[in-house]
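Observations on the model geometry
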Amino acid sequence: IRHIPPEVVEHSREVLDHREDYDHKEVKYAEMVFELMEQKRTTPLVPGEIQAFRIGEVGIVMLPGEIFVEHGLEIKLRSPAARTFVVELANGIMGYVPTRKAFEGGGYEQRLGNNSKLAPVAGEYMVEVSCGLLDSMFR
């Protein structure tokens, strides 16, 4: 679970203390910040299963979460298979898995919440593990 900046905690506390001044969405995100703080305290790592299969000259990688397209393209470019398919939302749901660059720009997929709780390096880690699995089957 990614780092929760003190200013995010402070803003979330302000929102929850004055719920009537904020819309429902803002209140929900504030609640999620405190849920994630507790989750990070008790279980700071989010387990996930990554699988790869070989069918002839085709490689199939199955990843948990909603993987940004750049991660999938990197897996395909680095794959030794003649064709590679990347399947997201397999083996569980971890929320969005943005690229490190996407975190710099902000947006819905990067906003801290239950739908986006992984550290910015999570996608890179998934790419490395996926490519390692493919290499082990095709090289």
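Coordinates for the structure precede this section.
Here's what I pulled together on the structure shown here. Computed from a predicted model, the values in this text were never measured in an experiment.

1. Quick look at helix 1 (residues 6-17)
When the terminal C-alpha atoms of helix 1 are compared, their 16 Å separation across twelve residues agrees well with the 16 Å that a helix rising 1.5 Å per residue should span. Residues of helix 1 that are buried include every one of Val9, Ser12 and Val15, and no others. One side of helix 1 holds all its buried residues, which, seen down the axis, span an arc of 125°. Relative to its buried face, helix 1 has exposed residues pointing more than 90 degrees away, namely Pro6, Glu7, Glu10 and Asp17. Buried residues belonging to helix 1 abut helix 2 (24-42).

2. A closer look at the sheet that holds strand 2 (residues 58-62)
With mixed pairing, three strands are arranged side by side in an open sheet as 1-2-4. This sheet does not close on itself; its edge strands, each paired only once, are strand 1 (51-55) and strand 4 (83-87). Taking each pair of neighbouring strands and ignoring which way they run, the sheet shows an average axis angle of 15°. As paired elements, strand 1 and strand 2 share five bridges and run antiparallel to each other. Each bridged residue has a counterpart across the sheet, and for Ala52 the counterpart in strand 2 is Val61. Of the strands in this sheet, strand 2 and strand 4 touch helix 3 (residues 69-78), which is tilted by about 155° from strand 4. Each of strand 1, strand 2 and strand 4 is contacted by helix 5 (residues 122-138), which is oriented at about 30° to strand 1, the strand it contacts most.

Rules behind the numbers
- Residues numbered from 1 in each chain as written.
- Predicted model: local features only at pLDDT ≥ 70, side-chain atom pairs only at ≥ 80, totals over all residues.
- Heavy atoms only, no water.
- Helix = DSSP H or I, 4+ residues; strand = E, 2+ residues; numbered from the N terminus.
- Expected span 1.5 Å × (residues − 1).
- Buried < 20%, exposed > 50% of the residue type's maximum accessible area, 1.4 Å probe, protein only.
- Arc of directions from axis to C-beta.
- Contact = heavy atoms within 4.5 Å.
- Pairing = 2+ DSSP bridges.
- Axes fitted to C-alpha atoms, helices over the stretch in contact; angles between N-to-C directions.

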